[in-house]
Amino acid sequence: MEFSIEKVEILLLIAAIVAMVARRLKIPYTIALVLAGIVLAISPLTPEVSLSKELIFTVFLPPLIFEAALYIRWSELRRDFPVIITFATIGVLLSAGITAAGMHFLVNWQWESAILFGVLIAATDPVSVIATFKEAGVHGRLRLLVEAESLFNDSTAAVAFVIALIFASGGQVTLSGTLLTLLTMVFGGILCGVLVAGGLLLLAGRTNDHLIEITLTTIAAYGSFLLAEHFHLSGVLASLSAGLLTGNIGSLGSISDKGREAVESFWEYVAFVVNSLIFILIGIREAHQDFVSLLIPIFIAIILVIIGRAVAIYPISVLFSRSTLQIKKSHQHILFWGGLRGALALALALGLPPEIPKRDEIVTVAFGVVGFSVIIQGLTITPLLRKFNEITVSPSETNDH
């Protein structure tokens, strides 16, 4: 796919106008962008640009994951890490299992297809989740739980997806092989992030030029991700580790005070640009999907994903109910309904090999679930946040995209 500068310029102009209109209408700009993409798809002005796994993984995901991790304080993450990691592992597997079983027994998909779909749709998407919660102006522990979970559970989904793909392709899946794959991808990804970011922070400590510091953080975001993916490790965990290291160690003097301000402004802009492109492209692709022939499987999948998310949140929250890590009921409800699906699920679906059974149906149903998640859940999450007094201003009143 050719992603030329002219096409990017057109999409960014549309995104800027849509964001301005969305603020005036007081609707989340991410949803406005998806709707704009749908309108754009049926107009003669549609840029010939489409989503692909390569575009999402190599261009969009690294900066978004890095930027989100940049603002997570290690002290806060360490305190809630048991909760986050439980949601991001057991929660994802429970959700995937319920969805896979439902698609097998209710839609009559063979186990290979059902398991692949269950795994790829199980993880909440950092792109959708973080964009929505930032725009809504959520702060404190709730934002940490939602954002950190969405970042960490991608790695679980990615590892499970690799194993499910081996199974679907007729390969042998063993417990020892699965554990080895898990440990290699997780710790290898973290190591890549630490090595790349650590080396670049050492370089950053030798300069006070904020332009050089911005450049080094850009290399850290993409370099860690691409290095990990090259060795078939977790690129998500690599960029996440690089962002955490840069945000926490960089504040200790590796990056100058002026440089830190410039770095944060730069990454805020990058996140806005990348989010804008992703959501417009999701809208364009949604408009080209043939949903009519698969309405029943899509409806069943949406219900299963919602049930799976409930099972992933409420029972796990009970585990911490008698500890200092207890999760408020209102936070549980927001974690449940705020578990949006988005670009990550689409990237995994679009990357499925052609020989996978029901491959085209998996892609279409994934787009259907993501469309529901981004538009319906995205539109209702802000009123839910306001109902539980988690935000006091409307999305249009906050400058924090």
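A brief look at the structure comes next. (Residues numbered from 1 in each chain as written. Predicted model: local features only at pLDDT ≥ 70, side-chain atom pairs only at ≥ 80, totals over all residues. Heavy atoms only, no water.)

1. Details of the packing of helix 12 (residues 295-319) against helix 13 (residues 329-337)
In the contact formed by helix 12 and helix 13, the axes pass within 9 Å of each other and the chain directions differ by 150 degrees. For the element pair helix 12 / helix 13, the angle class is roughly antiparallel. Classified by chirality, the crossing of helix 13 by helix 12 is right-handed. For the pair formed by helix 12 and helix 13, the contact residues are Ile306, Arg309, Ala310, Ile313, Tyr314 and Ser317 on the first element and Gln332, His333, Leu335, Phe336 and Trp337 on the second. (Axes fitted to C-alpha atoms, helices over the stretch in contact; angles between N-to-C directions. Helix = DSSP H or I, 4+ residues; strand = E, 2+ residues; numbered from the N terminus. Parallel < 35°, antiparallel > 145°, perpendicular 65-115°, else oblique. Left-handed = near helix turned anticlockwise from the far one by under 90°. Contact = heavy atoms within 4.5 Å.)

2. Focus: the packing of helix 11 (residues 257-287) against helix 15 (residues 359-387)
Packing of helix 11 against helix 15 leaves a shortest axis separation of 11 Å and a crossing angle of 125 degrees. The angle between helix 11 and helix 15 places the two elements in the oblique class. In this structure, the crossing between helix 11 and helix 15 has a hand that is left-handed. Between helix 11, through Phe279, Arg285 and Glu286, and helix 15, the contact on the second element is made entirely by Val363, Phe367, Val370, Gly371 and Val374. Split into classes, the residues belonging to the contact of helix 11 with helix 15 amount to five nonpolar, one polar and two charged. (Nonpolar A, V, L, I, M, F, W, Y, C, P; charged D, E, K, R; others polar.)

3. Focus on helix 5 (residues 111-122)
Here helix 5 contains twelve residues, and its C-alpha end-to-end distance of 16 Å stays within 8% of the 16 Å for a straight helix at 1.5 Å per residue. Extensive coverage of helix 5 is indicated by the burial of nine of its twelve residues. Along helix 5, the positions that sit buried rather than exposed are Ser113, Ala114, Leu116, Phe117, Gly118, Val119, Leu120, Ile121 and Ala122. Of the surrounding elements, those touching the buried residues of helix 5 are helix 4 (74-107), helix 7 (140-168), helix 12, helix 14 (343-350) and helix 15. (Expected span 1.5 Å × (residues − 1). Buried < 20%, exposed > 50% of the residue type's maximum accessible area, 1.4 Å probe, protein only.)

4. Some remarks on the environment of Ala16
Tracing the backbone shows Ala16 in helix 1 (residues 5-25). Along the backbone, Ala16 and Tyr29 are 13 residues apart, and their C-alpha atoms lie at a distance of 9.8 Å.

5. Remarks on the side chain of Thr364
Topologically, Thr364 is positioned in helix 15. Take Thr364: its relative accessible area is 10%, and that puts it in the buried class. When neighbours within four sequence positions are excluded, Thr364 is seen to be in contact with Gln289, Asp290, Phe291, Leu294 and Ile298.

6. Some words on the nonpolar core
Ranked by internal contacts, the top residues of the largest apolar core, which has 132 residues, are Phe60, Met103, Phe117, Leu120, Val365 and Leu385. A total of 14 residues in this core trace back to one element, the largest contributor, which is helix 11. (Core = buried A, V, L, I, M, F, W, Y, C linked by side-chain atoms within 4.5 Å.)

7. Section: unusual backbone geometry
Even without glycine at this site, Asn108 takes up a positive phi of about 65 degrees. Mapping Asn108 onto the fold places it in the loop between helix 4 and helix 5. The phi angle at Lys358 is positive, at roughly 65 degrees, despite the residue not being glycine. Inspection of the secondary structure puts Lys358 in the loop between helix 14 and helix 15. Taking the relative accessible area as the measure of exposure, Lys358 reaches 32% and is therefore partly exposed.

8. Some points on the pattern of salt bridges
Tallied over the entire structure, the rule returns seven salt bridges. Glu264 is paired through a salt bridge with Arg260; the nearest N and O atoms lie 3.5 Å apart. Of this pair, Glu264 and Arg260 both sit in helix 11, four residues apart, roughly one helical turn. On the basis of relative accessibility, which here comes to 28%, the residue Glu264 falls in the partly exposed class. Here Lys358 ties to Glu361 by a salt bridge, and the two come within 3.7 Å at their closest N and O atoms. In this structure Glu361 comes out as partly exposed when scored by relative accessible area, which is 24%. (Salt bridge = Lys/Arg side-chain N within 4 Å of Asp/Glu carboxyl O.)

9. So, helix 2 (residues 29-41)
Relative to the 18 Å expected for 13 residues at 1.5 Å per residue, helix 2 spans 18 Å between its end C-alpha atoms, a close match to the ideal helical length. Across the 13 residues of helix 2, ten count as buried, placing the element largely inside the fold. Listing the buried residues of helix 2 in full gives Tyr29, Thr30, Ile31, Ala32, Leu33, Val34, Ala36, Gly37, Leu40 and Ala41. Residues of helix 2 that are buried make contact with helix 1, helix 6 (126-136), helix 11 and helix 15.

Without other data, these values stay purely geometric and don't point to any function.
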